[in-house]
Amino acid sequence: MECPGRGAPYTVRDLAEASGVSRSQIGRLLTGDLTHLDVNDAHSVSEALGVAVLVLFMPPVSPK
């Protein structure tokens with residue numbers, strides 16, 4: 001997976017280690033099996049990636 005804020009690719013393991021969020025949670029987020037994340041974990045992931053929380057967790061835009 002690419003890292004838009006820092007420009008370096010991350011594996012699930014790399015992102016888990018950098019953010020302190022479990023590999024299973026990161027993997028489940030990527031597959032869509034997990035649709036929400038604790039606010040502290042969300043901030044940790046966004047900081048590790050170097051992007052704002054809303055970039056990662058913003059609800060999809062309505063087609064209307």
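Below you will find a few notes about this structure. Computed from a prediction, not measured in an experiment: that's the story for all the values here.

Criteria and thresholds
- The written sequence of each chain sets the order in which its residues are numbered from 1.
- In keeping with the predicted nature of the model, local features appear solely for residues at pLDDT of at least 70, side-chain atom pairs appear and are counted solely at 80 or more, and the whole-chain, interface and lining totals rest on all residues.
- Side-chain metrics rest on all non-hydrogen atoms present in the structure, leaving aside hydrogens and water.
- Here the term buried applies to any residue with accessible area under 20% of the maximum for its type, exposed to any over 50%, and partly exposed to those in between, with areas from a 1.4 Å probe on protein chains only.
- Under the scheme used here, helices are H or I runs from DSSP no shorter than 4 residues and strands are E runs no shorter than 2 residues, and both carry numbers assigned from the N terminus.
- In this description, the arc belongs to the directions extending from the helix axis to the C-beta atoms.
- Only heavy atoms matter for contacts: two residues are in contact if any of them lie within 4.5 Å across the pair.
- Inter-axis angles, ranging from 0 to 180 degrees, are taken between N-to-C directions of lines fitted to C-alpha atoms, where helices are fitted over the stretch in contact.
- In these notes the angle categories are as follows: under 35 degrees is roughly parallel, over 145 is roughly antiparallel, 65 to 115 is roughly perpendicular, and the rest is oblique.
- With the far helix as reference, a near helix turned anticlockwise by less than a right angle produces a left-handed crossing, and one turned clockwise produces a right-handed crossing.
- Basically, the charged four are Asp, Glu, Lys and Arg, the nonpolar ten are Ala, Val, Leu, Ile, Met, Phe, Trp, Tyr, Cys and Pro, and anything else, Gly included, counts as polar.
- Residues grouped as a nonpolar core are buried Ala, Val, Leu, Ile, Met, Phe, Trp, Tyr and Cys residues, joined through side-chain atoms within 4.5 Å.
- A 3.5 Å cut-off defines polar contacts: any pair of N or O atoms within that distance qualifies, except that in protein one atom must be a possible hydrogen donor and the other a possible acceptor, and neighbouring residues in sequence count only when both atoms are side-chain atoms.

1. Description of helix H1 (residues 12–19)
Thought 1: For H1, the set of buried residues is Leu15, Ala16 and Ser19. Relative to the axis of H1, the buried residues are bounded by an arc of 100 degrees and lie together on one face.
Thought 2: Looking at the buried residues of H1, the elements they touch are helix H2 (23–31) and helix H3 (39–49).
Thought 3: Downstream of H1 by a residue or two, glycine 20 has a phi angle that is positive, lying close to 80 degrees.

2. What to know about the packing of H1 against H2
Thought 1: Between H1 and H2, the least distance of the axes is 8 Å, while the angle of their chain directions is 125 degrees. The orientation of H1 relative to H2 falls into the category oblique. Considering the relative orientation of H1 and H2, their crossing is right-handed. Residue-level contacts link Val12, Arg13, Leu15, Ala16 and Ser19 of H1 to Arg23, Ile26, Gly27 and Leu30 of H2.
Thought 2: Of the residues assigned to the contact of H1 with H2, the class counts are 5 nonpolar, 2 polar and 2 charged.

3. Notes on the nonpolar core
Thought 1: Grouped together as the largest cluster of nonpolar side chains are 12 residues: Tyr10, Leu15, Ala16, Val21, Ile26, Leu34, Leu37, Ala42, Val45, Ala48, Leu49 and Val51.
Thought 2: When residues of this core are traced back to their parent elements, those giving at least two are H1 and H3.
Thought 3: Ranked by the residues each element gives to this core, the list is headed by H3, at 4 residues.
Thought 4: Once residues lying within four places of it in the same chain are set aside, the contact partners of leucine 34 are Gln25, Arg28 and Leu29.

4. Regarding the side chain of serine 19
Thought 1: Among the secondary structure elements, serine 19 is positioned in helix H1.
Thought 2: For serine 19, the side chain forms a polar contact with the main-chain oxygen of leucine 15, separated by 2.8 Å.
Thought 3: Once residues lying within four places of it in the same chain are set aside, the contact partners of serine 19 are Ile26, Ser44, Val45 and Ala48.

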